[in-house]
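Report on the structure
Chain by chain, the residues:
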Amino acid sequence: MDTAANRAGPAIAFVLFGVLCISLNDALIKQLSAGYPLHQIVFFRSFIGLSLSLVFLRFEGGLPALRTENTGLHVLRGVLVVIANMSYFLALAVMPLADATALFFAAPLFITLLSIPILGEKVGPLRLGAVIVGFIGVIVMQRPWETSADLAVSRIVLMLPVLAALTYALNQVMTRKLGAKAPASVLAIYIQGTFLIVSITFYLIAGDGQFATNTTNPSLQFLLRAWVWPAPEDRLVLLGLGVNGALIGYSLSQAYRLADAATVAPFEYIGLPLAVFWGLFIFSDLPTWEVWTGMTLIIASGLFVFFRERAKAKRVTPRPVARRH
């Protein structure tokens, strides 16, 4: 891939900023999950995020840039993001922040694997071995040796972040495929628009809370409870979520436009220590030994992939001439 199409430095900066915003987003949504339905939170976040994304669009071609020959792929990408977010947040409502985040970090592993058939990227045996090590970490966090009665949440809830990881990975690989023709603001607008449509649909069907009365499951309660007018102390939080959502959509779309998926994905691992920090600082949760072990294996596999690719690039790329700036 040529240098112009694979700008690793800016891509890494965008993904690190995006992951920081994601960690804040997760902590804020978990804080709100006891009092508001998920689709209401998504509505406020998407409405504000879409408004800001339209501002970004003004600097990246304006409204004509929204025209695309790949409308179906944009819609599919938006649906995948909705599935990823709903699956993850339903788990987050009942799981410690670090546990849910650690399981979700199967996403970079999926991205590396999916980049082979979808993008035609080359992934050697050592990188594949590192991916396998990362998946062993995911299995450890699933605690297959324990019975369902011994787990704090059900097996289905434990699998929700993994489903979120898979659909998120498909979305990001598609972002790379679409990014050659669409600016980051357009990619973000399609996603925010999909979120908005889905949240409004949920409101029309379940916004009065009629379905929430039939279940005591906390995840389903989070999904189906009635809309309520935000309390004064929560309005700034919802505004912050909207701004954060716009920054996430733009930053990650830009990152995966500028560099190949296998290069960008490992840097998303910074979200793991951030999740531990917010989990301890806000919710006083510390990961169990299984989660620490899984996180260690996932981070180790990601760092191996990164340094392996860096060493490989140095062998095949001529040393640039030093310049003054």
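What counts as what
- Residues numbered from 1 in each chain as written.
- Predicted model: local features only at pLDDT ≥ 70, side-chain atom pairs only at ≥ 80, totals over all residues.
- Heavy atoms only, no water.
- Phe/Tyr/Trp six-rings, centres within 6.5 Å; stacked < 30°, edge-to-face > 60°.
- Helix = DSSP H or I, 4+ residues; strand = E, 2+ residues; numbered from the N terminus.
- Buried < 20%, exposed > 50% of the residue type's maximum accessible area, 1.4 Å probe, protein only.
- Lys NZ or Arg CZ within 6 Å of the ring centre and 35° of its normal.
- Salt bridge = Lys/Arg side-chain N within 4 Å of Asp/Glu carboxyl O.
- Core = buried A, V, L, I, M, F, W, Y, C linked by side-chain atoms within 4.5 Å.
- Contact = heavy atoms within 4.5 Å.
- Patch = residues over 30% accessible without salt bridge, like charges linked within 9 Å, V, L, I, M, F, W, Y side chains within 5 Å.
- Areas by Shrake-Rupley, 256 points an atom, 1.4 Å probe, with all protein chains shown as cover.
- Axes fitted to C-alpha atoms, helices over the stretch in contact; angles between N-to-C directions.
- Parallel < 35°, antiparallel > 145°, perpendicular 65-115°, else oblique.
- Left-handed = near helix turned anticlockwise from the far one by under 90°.
- Nonpolar A, V, L, I, M, F, W, Y, C, P; charged D, E, K, R; others polar.
- Lys, Arg positive; Asp, Glu negative; His and termini not counted.
- pLDDT = per-residue confidence, 0-100.

Right, let's get into the packing of aromatic side chains. Counted according to the given criterion, the structure contains 16 aromatic pairs. Centroid distance phenylalanine 14 to tyrosine 250: 6.2 Å. Interplanar angle 65°. Geometry classified as edge-to-face. One end of the pair, phenylalanine 14, is in helix 1 (residues 8–32); the other, tyrosine 250, is in helix 10 (residues 232–258), and 236 residues separate them in sequence. Assessed through its relative accessible area of 26%, phenylalanine 14 is described here as partly exposed. Tyrosine 250 gets classed as buried once you look at its relative accessible area, which sits at 17%. Centroid distance phenylalanine 104 to phenylalanine 105: 6.3 Å. Interplanar angle 90°. Geometry classified as edge-to-face. When sorted by exposure, phenylalanine 104 lands in the same class as phenylalanine 105, which is buried. Clustering of aromatic rings is evident, with ring pairs tying together Phe43, Phe44, Phe47, Tyr203 and Trp227. Stacked on the ring of phenylalanine 283, the Lys or Arg lysine 30 has its end atom at 5.6 Å from the ring centre. Sitting above the plane of the phenylalanine 195 ring, arginine 45 keeps its charged end 5.3 Å from the centroid.

Attention shifts here to the pattern of salt bridges. Overall, the coordinates contain 2 salt bridges when judged by the stated rule. A salt bridge links arginine 143 to aspartate 99; the shortest N-O distance between them is 3.9 Å. Of this pair, arginine 143 sits in the loop between helix 6 (125–142) and helix 7 (155–179) while aspartate 99 is found in helix 4 (residues 97–104), placing the two residues 44 residues apart along the sequence. Of the two residues, arginine 143 and aspartate 99, neither departs from the other in class, the shared state being buried. A salt bridge links arginine 143 to glutamate 290, with the shortest nitrogen-to-oxygen separation between them at 3.8 Å. Separated by 147 residues along the polypeptide, arginine 143 in the loop between helix 6 and helix 7 and glutamate 290 in helix 13 (residues 289–316) bring together distant segments of the chain. One connected set of salt bridges, linked through shared partners, spans Asp99, Arg143 and Glu290.

Core analysis: the largest hydrophobic core is formed by 76 residues, its most contacted members being Leu38, Tyr88, Met95 and Phe104. Those residues within four positions of leucine 38 in sequence are excluded, and the remaining contacts are Met86, Phe89, Leu90, Phe222 and Leu223. Of all hydrophobic cores here, the second largest spans 6 residues; its members include Leu50, Leu57, Ala65 and Val186.

Before going further, it helps to examine the environment of leucine 66. Tracing the backbone shows leucine 66 in the loop between helix 2 (38–57) and helix 3 (71–92). Among the residues examined, leucine 66 registers a relative accessible area of 23% and is labelled partly exposed. With 124 residues separating them in the primary sequence, leucine 66 and tyrosine 190 have C-alpha atoms 8.7 Å apart. The contact partners of leucine 66, leaving out residues within four places of it in the chain, are Leu57, Val186, Ile189 and Tyr190.

There is a patch of nonpolar side chains on the surface, built from Ile200, Tyr203, Leu204, Ile205 and Phe211 and spanning about 490 Å² of accessible area. Mapped onto the secondary structure, leucine 204 falls in helix 8 (residues 184–206). By relative accessible area, leucine 204 is classed as exposed at 66%.

Looking now at the packing of helix 8 against helix 10. Put simply, helix 8 and helix 10 touch, their axes get as near as 8 Å, and they point 130° apart. By the angle between their axes, helix 8 is oblique relative to helix 10. The handedness of the crossing between helix 8 and helix 10 is right-handed. When helix 8 is examined against helix 10, the residues Ala184, Ser185, Leu187, Ala188 and Gln192 are found in contact with a partner set consisting of Gly245, Ala246, Gly249, Tyr250, Ser253, Gln254 and Arg257. Class assignment for the residues of the contact of helix 8 with helix 10 results in 5 nonpolar, 6 polar and 1 charged.

Below, the discussion takes up the side chain of aspartate 26. Take aspartate 26: it is sitting in helix 1. One buried charged residue, aspartate 26, forms no salt bridge at all, with the nearest opposite charge on arginine 45 at 6.4 Å. Once residues lying within four places of it in the same chain are set aside, the contact partners of aspartate 26 are Tyr88, Phe89, Leu92, Leu97 and Thr101.

Here the chain averages 82 in pLDDT, and 88% of its residues register 70 or above. Of all the helices and strands in the chain, helix 11 (residues 261–264) carries the lowest mean pLDDT, 72, while helix 4 carries the highest, 91. Between residues 1–5, whose pLDDT stays under 50, and residues either more than four places distant or in other chains, the model counts 7 contacts. Considering only residues more than four positions removed or in separate chains, one finds that residues 316–325, a stretch of pLDDT under 50, has 0 contacts.

So, on to the environment of glutamate 146. The topology assignment puts glutamate 146 in the loop between helix 6 and helix 7. Ignoring anything within four residues of it in the chain, the contact list for glutamate 146 reads Leu151, Arg155 and Glu290.

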